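Here are the chains, one letter per residue:
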Amino acid sequence: SLLLCSNGSVFAMGRNGNGQLGDGTNIDRSTPVLVSDNATAIGAGWLHSAFLLLNTSVFAMGSNAYGQLGDGTRIQRNRPIEVHAENVSDIK
């Protein structure tokens, strides 16, 4: 799960077997861990997550078996990696 706070902080918690929490580990978390600041939107899938920053940069993490992180690879990421996309206004 991801939480977006009113100050733009992104916290993550829950299952993390594929690094989808973005905290640099694959350890499940029962309490929230800070992942980023200055976010405006978040999206969480079953094995991957993403967030949009105030400057319109998009970051994704977790399973990438089918290229769902959008970084041009199929490498699993346990830290947020920037996705090169233009004019992104929201993430679902």
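These remarks concern the structure in this document.

Rules and cut-offs
- All residue numbers refer to position in the chain's written sequence, counted from 1.
- Reporting of local features is limited, given that this is a predicted model, to residues whose pLDDT is at least 70; pairs of side-chain atoms are given and counted only at 80 or more, and all residues count toward the totals for whole chains, interfaces and linings.
- Neither water nor hydrogens contribute to the side-chain values; these are computed over all heavy atoms in the structure.
- Strands here are runs of E lasting at least two residues and helices are runs of H or I lasting at least four, both read from the DSSP assignment and numbered beginning at the N terminus.
- Type-normalised accessible area, obtained with a 1.4 Å probe on protein chains alone, sets the label of each residue: buried when under 20%, exposed when over 50%, and partly exposed for intermediate values.
- Where accessible areas are quoted, they stem from the Shrake-Rupley method and a 1.4 Å probe; at the residue level, only the protein chains shown are allowed to cover.
- Think of it this way: Lys and Arg go in the positive column, Asp and Glu in the negative one, and His and the chain ends go nowhere.
- All charge positions are set by atom: Lys at NZ, Arg at CZ, Asp at CG, Glu at CD.
- Strand pairing is defined by DSSP finding a minimum of two bridges between the two strands.
- For helices, the fitted axis covers only the stretch in contact; all axes are lines through C-alpha atoms, and the angles between them, taken along N-to-C directions, range from 0 to 180 degrees.
- Here a Phe, Tyr or Trp ring, Trp counted by its six-membered ring, pairs with any other such ring whose centre lies within 6.5 Å, and the pair is stacked when the planes are under 30 degrees apart, edge-to-face when over 60, and tilted otherwise.
- N or O atoms closer than or at 3.5 Å make up a polar contact, with two conditions inside protein: a donor-capable atom paired with an acceptor-capable one, and, for residues adjacent in sequence, both atoms drawn from side chains.
- Whether two residues are in contact is decided by their heavy atoms: any pair within 4.5 Å suffices.

A look at the overall build of the protein
Regarding its fold elements, the protein presents zero helices and seven strands. Overall, the protein shows an N-to-C arrangement of helices and strands of β-β-β-β-β-β-β. When its C-alpha atoms are laid out on the principal axes, the protein stretches across 30 × 30 × 20 Å. When burial is assessed residue by residue, the protein has 41% of its 92 residues classed as buried. A total of about 5200 Å² of accessible surface is found on the protein, and carbon and sulfur atoms cover 50% of it. Of the charged side chains in the protein, 6 are positive and 7 negative, and the gap between their average positions amounts to 8 Å.

What to know about the sheet that holds strand 3 (residues 29-36)
The pairing of strands in a sheet happens through backbone hydrogen bonds and is either parallel or antiparallel. Strand order in this open sheet of three strands is 1-2-3, and the pairing throughout is antiparallel. Here the strands that pair on one side only, and so sit at the sheet edges, are strand 1 (2-4) and strand 3. The average angle at which neighbouring strand axes cross in this sheet is 25 degrees, direction not considered.

Some remarks on the packing of aromatic side chains
Aromatic ring pairs are described here by two measures, namely the spacing of the ring centres and the angle between the planes. A full pass over the atoms with the stated rule returns one aromatic pair. Consider the rings of Phe 51 and Phe 59, whose centres lie 5.7 Å apart with planes at 15 degrees: the pair is stacked.

Here we look at the side chain of Asp 71
With respect to the helices, strands and loops of the structure, Asp 71 is situated in the loop between strand 6 (58-62) and strand 7 (77-83). In this structure Asp 71 comes out as buried when scored by relative accessible area, which is 19%. A distance of 2.9 Å separates the side chain of Asp 71 from the side chain of Thr 73, its partner in a polar contact. Each residue touching Asp 71, except ones within four places of it in the same chain, is listed here: Asn 64, Arg 77 and Ile 81.

A few points about the pairing of strand 4 (residues 39-44)
Bridging between strand 4 and strand 5 (residues 48-53) involves five bridges; their strand directions are antiparallel. Each bridged residue has a counterpart across the sheet, and for Gly 43 the counterpart in strand 5 is Ala 50. With antiparallel pairing between neighbouring strands as the criterion, strand 4 and strand 5 make up a hairpin whose turn holds three residues.

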